[in-house]
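Here is what each chain is made of, one letter per residue.
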Amino acid sequence: MGEIEQLGASNDGGFVMKIRAKTVLEGVHLGDSIAVNGTCLTVTEFGTQLEDFTVGLSPETLRKTSLIELEPGSLVNLERAVQPTSRMGGHFVQGHVDGTGVIVSMEPEEDSLWIKVKTDKSLLKYIVPKGFIAIDGTSLTVVDVFDEEECFNFMLVAYTQQKVVIPLKKVGQKVNLEVDILGKYVERLLSSGVVICGKAAADVICYCNGGFEC
């Protein structure tokens, strides 16, 4: 995690964010990407002691994410880009936030924490039980989806609670959401009328033995 040092308009009319962090800057260069609460941002400047860095925020980023709610002193999740030699311990997170959700409940169970989030139907349709979702950049497993409430929930184990910012938030606060990209690709293929094995994809597709068969 890192700490917001400065957030606001820059001299050239843009919007910048300065973040104090040390470990995450190892091996990072100007122009590299760092995910801040799940939002892929470009490093534009380093502090003199290499203990902080600055990123720029576009108007679209401010509209689409919860970053505008941050203030000096806020803690944020930080993650460098994955290397192709790394062992994948979650799912592919692009850092392209699809939208936000609002925390509606936080309930402890022993040393774990249940969290329920409400979001738009346009995002909820990509969220499935036991599927992946990135919440403030943290790769998590969905437990249940509640269509009538337009909500889904997940659970944080004790270790994860100590490493991410989600447990520090309160009911009513926003979180950034990135749904699994696979669902969006499938929807796009089906809506485009792509033909697989000589049949329209809208007929039926079954995943079998590592390939698509009709």
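Residues numbered from 1 in each chain as written. Predicted model: local features only at pLDDT ≥ 70, side-chain atom pairs only at ≥ 80, totals over all residues. Heavy atoms only, no water.

- The protein chain appears in an unreviewed UniProt entry as Riboflavin synthase from Citrus sinensis.

Concerning the pattern of salt bridges
- All told, the structure shown has 8 salt bridges when counted by the stated rule.
- Residues Arg 20 and Glu 5 are paired through a salt bridge, measuring 2.7 Å at the closest nitrogen-oxygen approach. Taken as a pair, Arg 20 in strand E2 (residues 15-20) and Glu 5 in strand E1 (residues 2-9) lie far apart in primary sequence, 15 residues in all.
- Note that Asp 136 and Lys 169 form a salt bridge whose closest N and O atoms lie 2.7 Å from each other. Taken together, the residues span a long stretch of sequence, with Asp 136 in the loop between strand E10 (132-135) and strand E11 (138-141) and Lys 169 in the loop between helix H3 (158-163) and strand E14 (174-179) at a distance of 33 residues. Pair check on accessibility: Asp 136 and Lys 169 agree, each one buried.
- Each of Glu 5, Arg 20 and Glu 51 takes part in salt bridges that share partners, so that together they form one network. (Salt bridge = Lys/Arg side-chain N within 4 Å of Asp/Glu carboxyl O. Helix = DSSP H or I, 4+ residues; strand = E, 2+ residues; numbered from the N terminus. Buried < 20%, exposed > 50% of the residue type's maximum accessible area, 1.4 Å probe, protein only.)

Points about the environment of Gly 27
- For Gly 27, the location among the structural elements is in the loop between E2 and strand E3 (33-36).
- Judged by its relative accessible area of 63%, Gly 27 is exposed.
- As a C-alpha pair, Gly 27 and Arg 80 span 53 residues in sequence and 9.4 Å in three-dimensional space.

Re the packing of aromatic side chains
- In this structure the tally under the stated criterion is 1 aromatic pair.
- In this arrangement the basic side chain of Lys 116 is found over the ring face of Phe 146, its NZ or CZ atom lying 4.4 Å from the centre. (Phe/Tyr/Trp six-rings, centres within 6.5 Å; stacked < 30°, edge-to-face > 60°. Lys NZ or Arg CZ within 6 Å of the ring centre and 35° of its normal.)

Describing the nonpolar core
- With 22 residues, the main nonpolar core has Ile 115, Ile 127, Ile 135, Phe 152, Phe 154 and Ile 166 as its most contacted residues.
- Going through the elements one at a time, strand E8 (99-109), strand E9 (112-118), helix H2 (121-124), E10, strand E13 (151-156) and E14 are the ones with two or more residues in this core.
- When near neighbours in sequence (up to four residues on either side) are disregarded, Ile 115 contacts Ile 103, Ser 105, Met 106, Phe 152, Asn 153, Phe 154, Leu 156 and Ile 166.
- Judged by nonpolar contacts, the second largest core, of 19 residues, contains Met 17, Leu 25, Val 36 and Leu 62. (Core = buried A, V, L, I, M, F, W, Y, C linked by side-chain atoms within 4.5 Å. Contact = heavy atoms within 4.5 Å.)

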